[in-house]
Amino acid sequence: MKLIKNILHSVRPLFEEGGKLRAMLPVYQAADNFFFSHVEETTCAPYGRDPIDIKRYMTLVIVALMPAFLASLYFFGPRVLLLMLVSYVAGGLIEVLFAIVRKEEINEGFLVTGFIFPLILPPGIPLWMVALGSIFGVLVGKEIFGGTGRNLFNAALVGRCFLAFAYPARMTATWIAPGPEKWLQLPGSLAASAPDAVTLATPLGLAKSGVMTAPLDLLVGNISGCVGETSALAILIGGVILLLTGVANWRTMAGGMASMTLLAWVLNLIWPAQVAPPGFQLLAGGWMFGIVFMATDPVTGPATLSAKWAYGILIGTLTVLIRSYSGFVEGTMFAILFGNICAPLMDEVVIRLRIRRCAAERACS
Amino acid sequence: MEAFTGLTAIFFAAIFTNNILLTNYLGMCSFLGVSREVKTSIGLGAAVVFTMAFTSALNWLVYYYVLIPMHLGHFRFIVFIIVIAAFVQVVEMIIERVSEPLYNALGIFLPLITVNCAILGVCLFMLIRDYTFAESFIYGFGSGIGWMLAILAMAGIRQNMKRSKVPKGLEGPGITLIIAGIMALAFMGFSGMINI
């Protein structure tokens, strides 16, 4: 640590006012912040009750993502690391460029986006697509709206949605059968189309043709699917971490889970051939990952508490409907993106209603 | 019962799977111009719902009872526009006389949407798809609701974006079109759900 500190200290003049690399100051600050958290202690009132900042927020999300990440490493092998590296480098490049142009600090928002993005992609996806999607997501989904904290849509989902429509065949045919043996087949298992890689349809795809996957496989994660969505159990552990630390709001999750269960139960009773039962819907596909890690994003979701309920319910309902009746196999991505669209309007309605109620109470008293 | 399910399907398809704004990109000009605030877009949206529902029904009558018997089907573009403009003018006058608050809410937007291409688009789609009278009305009504939903969501988003640091060259219509594009991506998820 001392060595890094000395290096950083010795190059500091280059980045200061008048230095040769003044324009690259954000890069320096990011390095400084990464190794030595910027601590400023308050010496007089008012004191912060809890000094939570973007950095701690994002770090907690990364911690919560760890179980799902480790599960995906186990099931899909070392290639996951490669996807993650490409996602970070490509998206990070855009992030750094914008920080330099805007003369801002590079903040930790991208840590989570860059981490989540490869987790919602098929494991056999070509690396250039990961780079393209990451760049598109960060650029169009986030930076042009003003960067971290100002994005209207989940940047990772924008990138994924772009890839899904631009390269539909590659996004739906690159599923790999899970299995830890991939660690023994290095470096062959790193390639996109490894000769001995077995492709396997996802549980939702199989369900369309009437083949149901065993619930235990869905829970543990021994199934085909996107990188991070494989193990429902690991995602749930992450969800508990998010809820305990207060990073995610339980209302969105509860609303989503409840509406999905209820709607799938009712529709399954009426049209059992078309709509899968609620237990399967909850565990299969990207639903668990989406509702735990993406729908609870405080930036793209609504801010008021009652709107959070409505937001969760909307996402759960749409996911069931799109999965069952549309031409797509999975609907979580569209449902959350649609929720992102409606979130500001929901807040507006809730606030208006509250103002009206307050005005009415005042008029009565 | 069958007619009823058919009408419901058309209604929901017009809102979600075939949203006139986000899948056909019609009615873009007023969508870009008047989506800055939720309050004004409610007014404009209501005016569009009202006009679309009634002009599509009116134009259906005009087309099948006037133009077709007189073998003037090729004049439909001009006639439809005249009907829409006349309808809007008459309604505006009536509303002004009958209800002051309604006029204040809707009245100023009515002349604006005379030239909204989504209204003409709905009238032309109803001919292409061979709708009956009831179906045309429901289709017009649903399309209006879909248009209103889109502009309301956009207004909510733009209100929320007031303090965003959008790059200079993208301010205004540029960023709005990009948002509309992402909205359209999300609406693509509904495709194939209901066919009309």
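Up top is the structure.
Notes on the structure in this doc start here. (Residues numbered from 1 in each chain as written. Chains lettered and ligands numbered in written order. Predicted model: local features only at pLDDT ≥ 70, side-chain atom pairs only at ≥ 80, totals over all residues. Heavy atoms only, no water.)

Observations concerning the overall build of chain A
Keep this limit in mind: The way it works is that DSSP assigns letters per residue, a run of H or I at least four long becomes a helix, a run of E at least two long becomes a strand, and they are numbered from the N terminus. The cut-offs for exposure are 20% and 50% of the maximum accessible area for each residue type, with area from a 1.4 Å probe on protein chains only; residues under the lower value are buried, those over the upper are exposed, and the others partly exposed. A contact between two residues is defined here by any heavy atoms of the two lying within 4.5 Å. Computed with the Shrake-Rupley method and a 1.4 Å probe, the accessible areas treat only the protein chains shown as cover for residues. Asp and Glu count as negative and Lys and Arg as positive, but His and the ends of the chain are not part of the count. By convention, the charge on Lys lies at NZ, on Arg at CZ, on Asp at CG and on Glu at CD.
In terms of regular secondary structure, chain A is built from 16 helices and zero strands. Along the longest, intermediate and shortest principal axes, the C-alpha atoms of chain A span 75 × 70 × 35 Å. Looking at chain A as a whole, 51% of its 365 residues qualify as buried. Counting only contacts in chain A whose residues sit at least 6 apart along the sequence, the fraction spanning at least 24 positions is 74%. Total accessible area computed for chain A in this model is approximately 17,200 Å², and 70% of it derives from carbon and sulfur atoms. Measuring between centres, the 25 positive side-chain charges of chain A sit 4 Å from its 21 negative side-chain charges.

A word on the interface of chain A and chain B
As a reminder, the rule being used: Note on definitions: buried area is the accessible-area loss of two parts on being combined, 1.4 Å probe, summed for both. Salt bridge criterion: a side-chain nitrogen from Lys or Arg within 4 Å of a carboxyl oxygen from Asp or Glu. A 3.5 Å cut-off defines polar contacts: any pair of N or O atoms within that distance qualifies, except that in protein one atom must be a possible hydrogen donor and the other a possible acceptor, and neighbouring residues in sequence count only when both atoms are side-chain atoms.
With 27 residues of chain A at the contact, the number on the chain B side is 30 residues. Both sides of the chain A and chain B interface together cover about 2,600 Å² of buried area, and 74% of this is carbon and sulfur. In this structure, the connection of chain A to chain B is made through zero salt bridges. Across the contact surface, chain A and chain B share four residue pairs in polar contact (both at pLDDT 80 or more). Ranked by the residues each element gives to the side of chain A that touches chain B, the list is headed by helix H16 (residues 332-364) of chain A, at eight residues.

Regarding the nonpolar core
To be explicit about the condition: Take the buried Ala, Val, Leu, Ile, Met, Phe, Trp, Tyr and Cys residues and link them wherever side-chain atoms come within 4.5 Å; each set so joined is a nonpolar core.
Within the largest apolar cluster, 143 residues are counted, with the highest numbers of intra-cluster contacts made by Phe153(A), Phe293(A) and Ile179(B). Residues within four places of Phe153(A) in sequence aside, it is in contact with Gly141(A), Phe145(A), Val158(A), Thr300(A), Leu337(A), Asn340(A), Ile341(A), Ile157(B), Ile179(B) and Ile182(B). Counting six residues, the second largest nonpolar core, distinct from the first, contains Leu345(A), Met148(B), Leu152(B) and Ala155(B).

Quick notes on helix H15 (residues 305-325) of chain A
This is how the line gets drawn: Expected span of a helix, by definition, is 1.5 Å for each gap between consecutive residues, and there is one gap fewer than residues.
If you check H15(A), its first and last C-alpha atoms are 31 Å apart, about what 21 residues at 1.5 Å a residue would give, namely 30 Å. As for H15(A), its buried residues are in contact with helix H9 (203-208), helix H12 (250-270), helix H13 (278-283), helix H14 (287-294) and H16 of chain A.

A word on the side chain of Ser143(B)
Residue placement: Ser143(B) occurs in helix H8 (residues 133-160). Aside from chain neighbours lying at most four places away, what touches Ser143(B) is Ala14(B), Ile20(B), Met52(B) and Val122(B).

Comments concerning unusual backbone geometry
Residues and elements named next belong to chain B. The phi torsion at Tyr25 lies on the positive side, around 55°, for a residue other than glycine. Along the chain, Tyr25 falls in the loop between helix H1 (2-17) and helix H2 (28-33). Even without being a glycine, His71 presents a positive backbone phi close to 55°. Structurally, the position occupied by His71 is in the loop between helix H3 (38-67) and helix H4 (76-98).

Looking at helix H5 (residues 109-119) of chain A
The buried fraction of H5(A) amounts to 10 of the 11 residues, a majority that puts the element mostly inside the structure. Considered for burial, the residues of H5(A) that qualify are Gly109(A), Phe110(A), Val112(A), Thr113(A), Gly114(A), Phe115(A), Ile116(A), Phe117(A), Pro118(A) and Leu119(A).

Examining the packing of aromatic side chains
Filter applied, for reference: Aromatic rings from Phe, Tyr and Trp, taking only the six-membered ring of Trp, are treated as a pair when their centres fall within 6.5 Å; an angle between ring planes under 30 degrees marks them as stacked, one over 60 as edge-to-face, and anything in between as tilted.
With the rule as written, the count across this model stands at 28 aromatic pairs over all chains. Judged by centre distance (3.9 Å) and plane angle (10°), the rings of Phe136(A) and Phe162(A) are stacked. Taken as a pair, Phe136(A) in helix H6 (residues 127-141) and Phe162(A) in helix H7 (residues 155-166) lie far apart in primary sequence, 26 residues in all. The class for Phe162(A) is partly exposed, based on a relative accessible area of 23%. Ring geometry for Tyr63(B) and Tyr64(B): centres 5.0 Å apart, planes at 90°, overall edge-to-face. By relative accessible area, Tyr63(B) is classed as buried at 12%. According to the relative accessible area criterion, Tyr64(B) is partly exposed, its value standing at 26%. Members of the aromatic cluster, each reached through a chain of ring pairs, are Trp60(B), Tyr63(B), Tyr64(B), Tyr65(B), Phe80(B) and Phe133(B).

Regarding the packing of helix H3 (residues 54-76) of chain A against helix H4 (residues 79-102) of chain A
Working note: a packed helix pair is described by the angle between its axes plus the distance between those axes. All names here are of chain A. Where we set the bar: Every axis corresponds to a line fitted to the C-alpha atoms, with the helix fit spanning only the stretch in contact, and the corresponding angles, defined between N-to-C directions, vary from 0 to 180 degrees. By definition in this entry, angles of less than 35 degrees are roughly parallel, angles greater than 145 are roughly antiparallel, angles of 65 to 115 are roughly perpendicular, and the rest are oblique. Here the nonpolar group is Ala, Val, Leu, Ile, Met, Phe, Trp, Tyr, Cys and Pro; Asp, Glu, Lys and Arg are the charged ones; every other residue, Gly included, is treated as polar.
Running from amino to carboxyl end, H3 crosses H4 at an angle of 130°, the nearest separation of the two axes being 8 Å. Compared by their axis directions, H3 and H4 come out oblique. On the side of H3, the interface is formed by Ile62, Phe69, Ser72, Leu73 and Phe76, while H4 contributes Arg79, Val80, Leu81, Met84 and Tyr88. Considering only residue class, the contact of H3 with H4 consists of eight nonpolar, one polar and one charged.

Section: the side chain of Ser224(A)
Note on placement: Ser224(A) falls in the loop between helix H10 (215-220) and helix H11 (232-245). Beyond its immediate chain neighbours, meaning those up to four positions away, Ser224(A) contacts Trp175(A), Ile176(A), Pro178(A), Leu200(A), Ala201(A), Thr202(A) and Pro203(A).

Notes on the packing of H4(A) against H5(A)
Residues and elements named next belong to chain A. Going by this rule: Each helix crossing is assigned a hand: it is left-handed if the near helix lies turned anticlockwise from the far helix by less than a right angle, otherwise right-handed if that turn is clockwise.
Running from N to C, H4 and H5 cross one another at 140°; their axes reach a closest spacing of 9 Å. Comparing the axis directions of H4 and H5 gives the class oblique. Crossing handedness for the pair H4 and H5: right-handed. Between H4 and H5, the contacting residues are Leu83, Met84, Ser87, Tyr88, Gly91, Gly92 and Glu95 on the first element and Phe110, Leu111, Gly114, Phe115, Phe117, Pro118 and Leu119 on the second. A breakdown of the residues in the contact of H4 with H5 according to their chemical character gives nine nonpolar, four polar and one charged.

Let's talk about the environment of Asn249(A)
Residues and elements named next belong to chain A. You can see Asn249 is positioned in the loop between H11 and H12. On a C-alpha basis, the gap between Asn249 and Pro272 in space is 33 Å, while along the polypeptide they are 23 residues apart. Apart from residues no more than four positions distant in its own chain, Asn249 is found in contact with Leu243, Thr296, Leu305 and Lys308.

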